[in-house]
Amino acid sequence: GSLSNGWRAQRALIAMAELKAKGDGVGGEKRLSRWSGRAASARVPFAAGGSAVLLLWLLCCLFAATGRCQMAPPFDGQGGFAAEPVTIYVSPLMERLLSVDDINYRFENIVYLWLSWEDSGAKDAMMASTEGFRNGSLEECARPCTSEGKLSRNSETFQTAVSCCDGVWLPTLGMLNVYELPEGRMQPYEINVDVNSDSVAWWTAIHAVYFTPMDFRRFPFDSQKLVMQFGFKGTNEIKEFIPSAQSTRFLVRGEGDIVSGWDVKSLEVQPRNFTLESELSFFLDNYGKMPAPTDPTPVLPSSGAYEGVNLVSFDLVITIERLYNYYVLNMIVPILLLVSLSVVTYIIPAESLDIRIALNLTLFLSLTALQFIVNDQLPRSSYPSAVTKLILICYCAVAYGVPETIVVYAITRSSKVKEEMASPRPSSLKAIDENEPEDDEAMHGNMSIAMKVFKRKNKVPFFIDLACLICVLVTLIVATVVVLHGL
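All figures in this text were calculated on a predicted structure; none of them were measured in a lab. (Residues numbered from 1 in each chain as written. Predicted model: local features only at pLDDT ≥ 70, side-chain atom pairs only at ≥ 80, totals over all residues. Heavy atoms only, no water.)

S.K.: Run through the layout of surface pockets, naming residues and quoting values.
M.R.: Within this model, the second largest pocket holds a volume of roughly 290 Å³. Broken down by element, the residue count for the lining of the second largest pocket peaks at three residues, all from strand β1 (residues 86-101). Here the residues of the lining of the second largest pocket are counted per class, giving eight nonpolar, three polar and four charged. (1 Å grid on protein atoms, 1.4 Å probe; cavity = no way out; pocket = protein on both sides within 12 Å on 5 of 7 lines; lining within 4 Å. Points joined across faces, edges and corners; volume = space filled by probe spheres on them. Helix = DSSP H or I, 4+ residues; strand = E, 2+ residues; numbered from the N terminus. Nonpolar A, V, L, I, M, F, W, Y, C, P; charged D, E, K, R; others polar.)

See below:
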């Protein structure tokens, strides 16, 4: 459409030029006006079509650039299947845990993963590839034995830095729960082929972002297990994975915390040995449903065809604990201090209804304002965390004081009304009372609250306040210990 519109515009412009050259009078002017309109109408869709083509071309360039920016997987093997099933020893050395995003359930780290195995043909394959590169039969080495070495056609030794490992068998290991391989990351590697034995070692630095489930029931006293899941292989290629050396820190020295808010406790390798049928059944049974009976090629055949397919894999599990001191000082202590002020309610005289209710409402609003600040730091999960439960208990403790205040006030007021009705005082006695010396008022003012209460005939409100005070304190202490320890 854009090309045809462009052709029409060009034809109209040529016709306009010819008419201007001829100058045919009035008729020529009419024809010139008609061709001018056609040229203008053809230019607009042509311009729009050209813009669309240009935009499409830019998008294609962008997608092509994005494809080029995709980083290569860390363990991209070569050589197909091994001559016979091999046993691979796994040694993870974590340089640093960079970050833990407990809001989005992700973490980022750098791990040097060392794999070692025995291969009787690795030495000959490495020497043949190296010799082929040096004598010119290989134009270039697709995989040097190290990322930091420089190959030379004039070298004579078979050291790792000057050797070619094109013909050496390397296992391909996928990474299942990788969220992102950051662009521009450094991915050094080295393939060590021992010329004096059959051993082979391959280490690679893995810098990636992973997603993993997390449990925040005991927040902020929780610990998490960050899992790096590697792809499975058939036992006809890899016999098993065996854990070897491990380290939670590597290369980088220094004191202090290595990641904000967390402390790394351990790093371990967990090998897995399972069948393909059991793995598929686990996910379909727990998180979905089985294939339809009429499915011609089901994910999980009912005939048990996958029952004998044995697979091996391994996971790297990083155990971390939250640094809870920050949360205790900035969240738990202010909450407990606020709720502890609510016990003052039960010390204020029962007649002071307005003071007692105002205190509880003020504390309730203060606790609400504090919760807004706390919620920004709490993980959003489908279950309440320990701090959330503690806040709910504190809400109940503060709110409990309002109905209790109304009850004891009603009892006190009713008792006073009954006393006034039972013993009416003569006006002469009232006059005498009004003329009493001020010393009695001073004595009553200095009298302790407890003495005032015990001088009264009705002591029920006092005992109710005392019982509620003890009950609230005991409940707060027990609930805090139980909730924060996850009992």
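S.K.: Go over the nonpolar core with me, naming the residues and quoting the values.
M.R.: The biggest cluster of nonpolar side chains holds 78 residues, and the ones touching the most others in it are Leu 97, Leu 113, Phe 314, Leu 316 and Ile 318. Residue contributions to this core peak at eight residues, all from helix α7 (residues 386-422). The residues contacting Leu 316, other than those within four sequence positions of it, are Pro 92, Val 111, Leu 113, Leu 226, Val 227, Met 228, Phe 230, Leu 267, Glu 268 and Val 269. Counting residues in hydrophobic clusters, the runner-up holds five residues, among them Leu 93, Ile 110, Trp 203 and Ala 205. (Core = buried A, V, L, I, M, F, W, Y, C linked by side-chain atoms within 4.5 Å. Buried < 20%, exposed > 50% of the residue type's maximum accessible area, 1.4 Å probe, protein only. Contact = heavy atoms within 4.5 Å.)

S.K.: Pulling in residues and values, what's your account of the pattern of salt bridges?
M.R.: Using the criterion set out here, one finds seven salt bridges in the structure. Of the charged contacts, one joins Asp 222 and Arg 322 as a salt bridge, the two residues approaching to 2.7 Å between their closest N and O atoms. Of the two residues, Asp 222 is situated in the loop between β5 (199-211) and β6 (223-229) and Arg 322 in strand β10 (residues 310-322); the sequence distance between them amounts to 100 residues. What makes Asp 222 buried here is its relative accessible area of 4%. Between Asp 465 and Arg 356 there is a salt bridge, with the nearest N and O atoms lying 3.0 Å from each other. Of this pair, Asp 465 sits in helix α11 (residues 460-484) while Arg 356 sits in helix α6 (residues 353-375); the two residues are 109 residues apart in sequence, bridging distant segments of the chain. Both residues of the pair, Asp 465 and Arg 356, belong to the buried class. Here the salt bridges do not stand alone but share partners, grouping Asp 102, Asp 222 and Arg 322 into one network. (Salt bridge = Lys/Arg side-chain N within 4 Å of Asp/Glu carboxyl O.)

S.K.: Quick rundown of the pairing of strand β4 (residues 189-193)? Include the residues and the values.
M.R.: Judged by how many residues are buried, β4 sits mostly within the fold: four of five residues are covered. Here β4 pairs with β5 via five bridges, running antiparallel. Residue pairing for β5: Tyr 189 is matched across the bridge by Thr 204. The antiparallel hairpin formed by β4 and β5 contains five residues in its connecting segment. (Pairing = 2+ DSSP bridges.)

S.K.: Lay out the state of the cysteines in plain terms, naming residues and giving numbers.
M.R.: Counted under the stated rule, the structure contains two disulfides. A sulfur-sulfur separation of 2.1 Å characterises the disulfide bridge that pairs Cys 141 with Cys 164. Here the disulfide of Cys 141 and Cys 164 is right-handed, its torsion about the S-S bond being about 95°. Taken together, the positions of Cys 141 in the loop between α3 (122-135) and β3 (178-180) and Cys 164 in the loop between α3 and β3 put the pair 23 residues apart, joining distant regions of the chain. The class for Cys 141 is buried, based on a relative accessible area of 13%. Residue classification places Cys 164 among the buried positions, given a relative accessible area of 1%. Free cysteine: Cys 396, not disulfide-bonded; nearest cysteine sulfur from Cys 394 at 9.2 Å. (Disulfide = S-S within 2.5 Å.)

S.K.: Explain the environment of Ile 355 to me, and be specific about the residues and the numbers.
M.R.: The topology assignment puts Ile 355 in helix α6. Classification of Ile 355 by relative accessible area gives partly exposed; the value is 46%. It is 8.5 Å that separates the C-alpha atoms of Ile 355 and Thr 345, two residues lying ten residues apart in sequence.

S.K.: Give me the confidence of the model for the protein: which residues, what numbers.
M.R.: Here the protein averages 79 in pLDDT, and 78% of its residues register 70 or above. Under a pLDDT of 50 for its full length, residues 1-7 has, in the predicted model, seven contacts with residues more than four places off or in other chains. (pLDDT = per-residue confidence, 0-100.)

S.K.: Please give an account of the packing of helix α5 (residues 325-340) against α6 that cites residues and values.
M.R.: Between α5 and α6, the shortest axis-to-axis distance is 10 Å and the interhelical angle comes to 170°. If you check the angle between α5 and α6, you find them roughly antiparallel. The residues of α6 that touch α5, namely those facing Met 331, Pro 334, Ile 335 and Leu 338, are Leu 363, Ser 366, Leu 367, Leu 370 and Val 374. For the contact of α5 with α6, the per-class residue count stands at eight nonpolar, one polar and no charged. (Axes fitted to C-alpha atoms, helices over the stretch in contact; angles between N-to-C directions. Parallel < 35°, antiparallel > 145°, perpendicular 65-115°, else oblique.)

S.K.: Tell me about the environment of Ala 410, residues and numbers included.
M.R.: The residue Ala 410 is located in helix α7 in this model. Residue classification places Ala 410 among the partly exposed residues on the basis of a relative accessible area of 43%.

S.K.: I'd love a proper account of α3, names of residues and values included.
M.R.: Between its terminal C-alpha atoms α3 stretches 20 Å, which fits the 20 Å expected from 14 residues at 1.5 Å a residue. Contacts from the buried residues of α3 go to β4 and β5. (Expected span 1.5 Å × (residues − 1).)

S.K.: I'd like to hear about unusual backbone geometry, residue by residue, with values.
M.R.: Put simply, Phe 219 and Pro 220 share a cis peptide bond, and its omega is 5°. Along the chain, Pro 220 falls in the loop between β5 and β6. In the Ramachandran plot, Leu 251 falls in the positive-phi region, its phi being about 75° despite a non-glycine side chain. Its location among the elements puts Leu 251 in the loop between β8 (238-243) and β9 (262-275).

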